[in-house]
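Residue strings, one per chain:
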Amino acid sequence: MSNNQTVVFVKDTAYGWLPGELISSDKDVARISVHVPISDDNASSEFLKEERTVKLKDYDDNTLPLQNVDEGGNMVVAQDMCDLPSLHEAAILYNLKFRHEDLQPYTRVGDIVIAMNPFRWLTDLYTPDKMSLYVDKLIDNVDTTGDSKSGLDPHVYEVSALSYRGLAIDGRQQSILVSGESGAGKTETVKIVLSHLASIHASDSPSTPGTGFNQVVKRVLDSNPLLEAFGNAKTVRNDNSSRFGKYIQLQFDVEDARTAAYAGKTIPNCALAGSKCETYLLEKSRVVGHDATERTYHIFYQLLAAPESAKAEFWGSLKGTNNSSFKYIGDTDTAVIENESDGDKWQTTIDALSLIGISGTKLTDLMRAICTVMQLGNLTFDVDPANDDGSVVSSTDELEKLSDLMGIKKDDIQKALTFRTIFAAKESYDVPIRAKMAKDGCDAFAKEIYQQVFNWLVEEINNATSAEKNYGDARDVERYGTIGLLDIFGFESFQVNRFEQFCINYANETLQQKYNIDIFKSVQDEYQYEGIELNDITFVDNSHVVNLIEGRMGLIAVLNEECIRPNGNDASFVLKTKAMHKEENCMIIHPLHGPTEFAISHYAAIVKYDATSFVQKNTDKLPHDLVNCASMSSNVLISSGLKPPAQTKSTGSSSRKNSVMTVSTKFRSQLKSLMINIGRTRSRYIRCIKPNPDKTPMQTDLSYSMQQLRCAGVVAAVTISRVAFPNRLTHDTALDRFSCLTTTQQTTGKKATAVFNLMTTLLGEFKVGTNANEGASAFACGKSRVYFKAGALEHLELKRVSKLAVLATTLQRMVRGYTRKSSFKKQKVACISIQCQGRRKIARKNLLRACLSVTSISSWIRGVFAKAELISLRKDKACTLLQTRYRTCQAEKAFMKARSGAIEIQRIWLGAIQRPKYRDLLIEAKEEARVNTKLSALQKRLAAAEMKWIQSEKARIEAEKRASSTNNTGEEKKEEHSHSLLDESTQMLEYLQKQVFELRAKNFLLRNDLSEVKIENHHLTDQYASASASYVALKQHTASQTRSSMKTNVRAAENKKQLGQMMKDLQQSRDDHEEDTKKLKEQLKEKENEHQQEMFRMRKEMDSLQAKHNYEQRRHRVHKGPGPGPGPGLGPSLSVTSSAGPRPKFGRKKSGSNVKQTGTGDDWSHDSYANGYANHGSCENSVSSAGSSRRKGRKKNSAKNSIIRNSYSRPNTPSMNYSQRPHTPQTNYSQQTNYSQRPNTPSSLGQGSQRVGTPPANGRQPQGQGRTMLPEGSRSCISEAWSSTPPSLRSAAKKLSSLAKATVKD
């Protein structure tokens, strides 16, 4: 686009407005080159140029609207559209389009924020830092020298921050009005504003741990999902559309200004104390029906998607059901709303209900009321076979389920649905109704129940969030400051508009009236700030439309009168309306309208309404029979919400007043109350726009968005603000764009004076178009902007385009010369650069070669050192692993000992406790059995005696009968009757006796059962006491183990400190040890053969010596031990393995473990030594079959010793070896184990005693082990034998012992 062309906008039926270039123009028409997009998505940058001829009379002031372009011909995009030079509908539309496609959804028009729904969550726009930025710039640190919003991007945070500041500093109540059509993002915008208001200075108030807000604020924020669940539904335009209006009043505890000043605060603190919510016009018709592509309210789908256990808890018949199980719900292809399934939403709803105190019985009543609404939809009605004018409920199964759900008899429900009570004078009549009327009544019943449930929920939310009931400092607050959030339905216009659209548009018309007044005041404030005289401004006033609807003889009054009048209908309402308001311009009367159709010219568009069912929907009165039926329900929500009217006497005027309280009347009262509340506040506006009906991100439908801008009143606001001066420019922009049109230099230092002189020169001869403004100036210069009348800015733009065309040639000449010179300089610089690059490449190649060599050498050296370090680390790791394994084994052994000991102690202790109790119980049981036996015998004897008495009585009576038979017949007749009575009493007595016997038997059985139960209870009590004692003992043991573990950890820490130094010493000693080991191995190999030969010779000599002392050694008691130390006169390699076997008949108890012994502690039997020497020095224990008399005398003392005893054999008594006994495990003595292979068994040398080595793993010392002392006689014998041993044998024995020690050490 060239700069010498005027760029404008032209109207288009498909796109609303299209940009173009002005080719030529005259008084009536203009030729335009229009840019038409190639694709239909409006987002494509490709377009075709199409020449069109337009009529100027179709545009305001016969002037085409100008585009806002910069020097390069690019369209200007502004954050605040008040800064646009030309502000009109097309400029607003394209400015919003470009910002939306650039992911900038917010744009401001003065104090109004326009929000384009991006159909995605933009995380960068809602971060905590973003919140803090607006709080800092607009609340805490406000720039008072200029506009506080300058430098900040448009955002809804600025609206919430300014509202907070207005409440805190100005002390004025605030309100934020959010409007837009379904799907524009109103509900989400309200949640964003609510979160920001709650977060402002939230740190100044006490909060719940783990959250950023206190409990009341958390309820305020989390109550919004409840309203969405019960009041939002999927529509054609939006998946989460609010089907009601709400006004949330946030209550703040505003700090006193003086108190804040004393505390050093510039801004008084406003703590969020609570909230109140008012709702308007819930769409009840959606409960009983919706389109195939839509859904009913979310709570129904969430309840059906709940877990089966929860559904069964609320209502048993709800288990296993789905959407298709209920006719009101039906199948749906939408299971995910806002990236969450209905099941996930169910949990969120339950958590929110619990937060406001709805749980337990309340929650059950609420969900059963919802189930009642769903179940009413499953009822079907047919014609009564007995009466064609009557009806019956044909779905009996569904009726029974409904009866169980509501707690009402099914006959009462059926009667309330199929009959109507008519009152005539003082009598009442039950009149049957047809099936269609019964179904309509059923639907009305379901709608009314849901309405009452919704109202009850809103009341519960208010009770849980209101400051009066929940704020901690409520007593100290005289008056709360409020910030209201109005989320109201937008203006609606469909193919068929019903009663709901009429009420919605009535509300929007009223809000638009307030909006126009606020915008007019803002324009007045702007002109007054700029110092411009403001003449009378006329703007579009919609008060006549509001009066048409709510006036004294308006549409609502006529509709109410039609509802009261007998036989009132919709056609009569439309006829009266047209007749009474035919002179009104806003009432559109068209001859093609039907009898129930009329149209109203609203501020946004002309809407045609279909008045069908207006009277019925406006009345919305539930039949008296259904109200009485609901009052009998066991569900509190249904019975208390639908109470029958009180039977009180009232005057005619009061009854008439109550009768006209229709839906429209209630809505009008609510709307007036809302407007009064908003009128007391400082109102701020957020207009939400839906860019396209397909909900596609980054795509703008121009025609669709333009219609919403008109409905939102944005265009009307611009019209009001630009009615006097449509165009405006800042002083800098005016001087920059139009100073080229004059040769006079502006020498003054003030920009306002310079702009005034410049505009006077350029627009001195320009005439304003209308005669009324003849002689008026075409511009007005303010403090910061210059304002232009209609056509003045277009006149200056044409002059500028012509001037720029002359200057363009000069500029082109200078640019061409400059480009040639620049090209030569670039070529020269390029040649020098090529030479430098060549030299640099050669030097770099040499440097890289040298670096590669140095790197290779250094890497080889580092590799050598790293390899050495790796070997050292591997050795350290191996040592550490060995030490760790050793310590682990030791700790495990100690733990197993302690554990087995504790278990054994508990077992013994519990047995000692329970055995006396068990014996007592046995004695009691035997005694009770004996008593029961006697009792049963006595009972049998009593029964036999009673039977004998009865038989004797019978015999006596029969004898009396026979004796009296001789008397006269008269007496027989008299006595016959008495005898019959006596027989009957006798039979009765027998029957009673049998019953008594049976009852006594049952009583006896019950007494036995009772005694058994008492015994079992007593037994369980003892077991519990035993378990408690075990638990206490185990707890004490655990505490001791914990203390020992802590001590072990302390010792481990100390050992770890010493480990470093020990590792260094170990490395040095390891090197020395390896050299010594090599030498020692060579010496050991040479001496090994010599040692074996000498050992064989020494054994033979020791055999002969041992045989001499065999008789003396048997006279003494010998206590064998596991110590490996050699005795005097015995070789250190001699070992005896004790084989575990059964106890001999006359022998003593032996140990169950195999114990290896050497030296003088072995068996002193001559036969066993002979057998042992035959098996290369291994000796086997033998026990004599009978003991000596001296051994019997020591039996008591020897039984206490824990060693393996040998019995002394008498003369001529054969000795028995253990290996000869049956069932005794044999020991392979050929596989001798040297002491060098048992490092855990310490060896001791000496003549007097032996000590047991390491105890077994089970913690108990087995028999046959312990400290063993030799008798004095044995010591003297052993000493004599050792002294008589040749010196060569003694030296050989010592050498052999030292060699064994060295082997163990290695």
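Residues numbered from 1 in each chain as written. Predicted model: local features only at pLDDT ≥ 70, side-chain atom pairs only at ≥ 80, totals over all residues. Heavy atoms only, no water.

K.L.:
What should I look at first to understand the pattern of salt bridges in this one?
P.N.:
Here the idea is simple: oppositely charged side chains can pair when their charged atoms come close. If you walk through the whole model with that rule in mind, you get 37 salt bridges. Between Arg 907 and Glu 904 there is a salt bridge, and its shortest N-O distance comes to 2.1 Å. One end of the pair is Arg 907 and the other is Glu 904, both in helix α30 (residues 792-963) and 3 residues apart, which spans about a single turn. Judged by its relative accessible area of 25%, Glu 904 is partly exposed. (Salt bridge = Lys/Arg side-chain N within 4 Å of Asp/Glu carboxyl O. Helix = DSSP H or I, 4+ residues; strand = E, 2+ residues; numbered from the N terminus. Buried < 20%, exposed > 50% of the residue type's maximum accessible area, 1.4 Å probe, protein only.)

K.L.:
Any chance you could explain the packing of helix α3 (residues 156-170) against helix α4 (residues 186-199) here in plain terms?
P.N.:
Running from N to C, α3 and α4 point in directions that differ by 45°, and their axes come no closer than 9 Å. Considering the angle they form, α3 stands oblique to α4. The chirality of how α3 crosses α4 is right-handed. Across the interface between the two elements, Val 156, Tyr 157, Ser 160, Ala 161 and Tyr 164 of α3 pack against Thr 189, Ile 192, Val 193, His 196 and Leu 197 of α4. Partitioning the contact of α3 with α4 into residue classes produces 7 nonpolar, 3 polar and no charged. (Axes fitted to C-alpha atoms, helices over the stretch in contact; angles between N-to-C directions. Parallel < 35°, antiparallel > 145°, perpendicular 65-115°, else oblique. Left-handed = near helix turned anticlockwise from the far one by under 90°. Contact = heavy atoms within 4.5 Å. Nonpolar A, V, L, I, M, F, W, Y, C, P; charged D, E, K, R; others polar.)

K.L.:
Sorry, what's going on with the sheet that holds strand β18 (residues 481-487) here?
P.N.:
Within a sheet, adjacent strands bond to each other through the backbone by hydrogen bonds, running parallel or antiparallel. Reading across from one edge, β5-β6-β22-β7-β18-β10-β11 is the order of the 7 strands in this open sheet, with mixed pairing throughout. For this open sheet the edge positions go to β5 (106-109) and β11 (270-280), each flanked by a neighbour on one side alone. Each neighbouring strand pair of the sheet contributes to a mean axis angle of 20°, computed without reference to strand direction. The pairing of strand β6 (residues 112-116) with strand β22 (residues 682-689) spans 4 bridges and is parallel. Bridge assignment links Met 116 to a residue of β22, and that residue is Ile 689. Against the sheet, helix α5 (residues 215-222) touches β10 (245-254) and β11, its axis set at about 30° to β11. (Pairing = 2+ DSSP bridges.)

K.L.:
Sorry, what's going on with the sheet that holds strand β24 (residues 779-781) here?
P.N.:
Judged by pairing direction, the sheet is antiparallel, and its 3 strands sit side by side in the order β23-β25-β24 without closing on themselves. Whereas interior strands pair on both sides, the edge strands pair on one side only; in this sheet they are β23 (727-730) and β24. Taking each pair of neighbouring strands and ignoring which way they run, the sheet shows an average axis angle of 20°. Bridging between β23 and strand β25 (residues 785-788) involves 4 bridges; their strand directions are antiparallel.

K.L.:
Where do I start with the confidence of the model for the protein chain in this structure?
P.N.:
Low pLDDT marks stretches whose predicted atomic positions should not be read closely. Overall, the predicted model of the protein chain reaches an average pLDDT of 78, with 78% of residues at or above 70. When the criterion is pLDDT under 50, residues 206-212 qualifies, and its contacts beyond four places in sequence or with other chains add up to 9 contacts. Low pLDDT, under 50, characterises residues 1117-1272; the predicted model gives this stretch 314 contacts beyond four residues in sequence or across chains. (pLDDT = per-residue confidence, 0-100.)

K.L.:
What is the right way to look at the pairing of strand β15 (residues 387-393) in this model?
P.N.:
Every other side chain in a regular strand lies on the same face of the sheet, so the side chains alternate between the two faces. Where strand β14 (residues 381-384) and β15 come together, 4 bridges link them in antiparallel fashion. Note on β15: the bridge partner recorded for Asp 382 is Val 392. Hairpin remark: β14 followed by β15, antiparallel, with 2 residues in the connecting loop.

K.L.:
So what exactly am I meant to see when it comes to a negative patch on the surface here?
P.N.:
Negative charge collects at one region of the surface, where Asp 1071, Asp 1072, Glu 1074, Glu 1075 and Asp 1076 lie side by side. Mapping Asp 1072 onto the fold places it in helix α31 (residues 969-1108). Taking relative accessible area as the criterion, Asp 1072 reaches 38% and is therefore assigned partly exposed. (Patch = residues over 30% accessible without salt bridge, like charges linked within 9 Å, V, L, I, M, F, W, Y side chains within 5 Å. Areas by Shrake-Rupley, 256 points an atom, 1.4 Å probe, with all protein chains shown as cover. Lys, Arg positive; Asp, Glu negative; His and termini not counted. Charge placed at Lys NZ, Arg CZ, Asp CG, Glu CD.)

K.L.:
I keep staring at the packing of helix α1 (residues 89-101) against helix α26 (residues 702-712) and nothing clicks. Help me out?
P.N.:
Each pair of packed helices gets described by two things: the angle between the helix axes and the distance between those axes. Where α1 meets α26, the closest approach of the two axes is 10 Å, and the angle between their N-to-C directions is 120°. Considered as vectors, α1 and α26 are oriented oblique to each other. The handedness of the crossing between α1 and α26 comes out as right-handed. Counted together, Glu 89, Ile 92, Leu 93, Tyr 94, Leu 96 and Lys 97 of α1 and Leu 702, Ser 705, Met 706, Leu 709 and Arg 710 of α26 form the full contact between these two elements.

K.L.:
What am I meant to see in the nonpolar core here?
P.N.:
One recurring pattern in soluble globular proteins is that nonpolar side chains are buried together. With 114 residues, the main nonpolar core has Phe 230, Phe 300, Met 367 and Tyr 450 as its most contacted residues. Residue contributions to this core peak at 14 residues, all from helix α15 (residues 435-465). If we skip the residues at most four places from it in the chain, Phe 300 touches Val 287, Ile 329, Ile 370, Val 373, Met 374 and Tyr 450. Grouped together as the second largest cluster of nonpolar side chains are 49 residues, Leu 177, Phe 499, Val 545 and Leu 559 included. (Core = buried A, V, L, I, M, F, W, Y, C linked by side-chain atoms within 4.5 Å.)

K.L.:
What should I look at first to understand helix α28 (residues 731-738) in this one?
P.N.:
Helical geometry note: an α-helix holds 3.6 residues per turn, so side chains three or four residues apart project in the same direction. All of the buried residues in α28 are His 731, Ala 734, Arg 737 and Phe 738. The buried residues of α28 all sit within an arc of 145° when viewed along its axis, so they share a single face. Along its buried surface, α28 packs onto β23, α29 (751-762), β24, β25 and α30. (Arc of directions from axis to C-beta.)

K.L.:
Sorry, what's going on with a nonpolar patch on the surface here?
P.N.:
On the surface, Ile 857, Trp 860, Ile 861, Val 864 and Phe 865 cluster together to form a nonpolar patch covering roughly 590 Å² of accessible area. With respect to the helices and strands, the residue Phe 865 is situated in helix α30.

K.L.:
Please explain the side chain of Ser 572 as it appears in this structure.
P.N.:
For Ser 572, the location among the structural elements is in helix α20 (residues 570-580). Among the residues examined, Ser 572 registers a relative accessible area of 16% and is labelled buried. Ignoring sequence-local partners within four residues, the contact set of Ser 572 consists of Glu 562 and Arg 565.

K.L.:
Teacher, can you tell me more about the packing of aromatic side chains here?
P.N.:
Each aromatic ring pair is summarised here by two numbers: the centre-to-centre distance and the angle between the ring planes. Enumeration according to the criterion identifies 22 aromatic pairs in this entry. Arranged with centres 6.2 Å apart and planes meeting at 50°, the rings of Trp 17 and Tyr 59 form a pair that is tilted. Residue Trp 17 is found in strand β2 (residues 16-25), and its partner Tyr 59 is found in the loop between β4 (47-55) and α1; the two are separated by 42 residues along the sequence. Both residues of the pair, Trp 17 and Tyr 59, belong to the buried class. When the ring centre of Tyr 301 is taken as origin, the NZ or CZ atom of Arg 295, which lies over that ring, is 4.0 Å away. We note Arg 687 situated over the ring of Tyr 515; from NZ or CZ to the ring centre the distance is 4.3 Å. (Phe/Tyr/Trp six-rings, centres within 6.5 Å; stacked < 30°, edge-to-face > 60°. Lys NZ or Arg CZ within 6 Å of the ring centre and 35° of its normal.)

K.L.:
Help me understand helix α25 (residues 663-679) in this model?
P.N.:
Between its first and last C-alpha, α25 extends 24 Å over 17 residues, near the 24 Å set by a 1.5 Å rise per residue. Buried within α25 we find Ser 664, Thr 665, Phe 667, Arg 668, Leu 671, Leu 674, Met 675 and Ile 678. (Expected span 1.5 Å × (residues − 1).)

K.L.:
Looking at this model, I keep getting lost on the side chain of Ser 175. Mind explaining?
P.N.:
Examined against the element boundaries, Ser 175 turns out to sit in strand β7 (residues 174-179). One polar contact links Ser 175 to Thr 681, side chain to side chain, over a distance of 2.7 Å. (Polar contact = N/O pair within 3.5 Å; in protein donor to acceptor, adjacent residues only side chain to side chain.)

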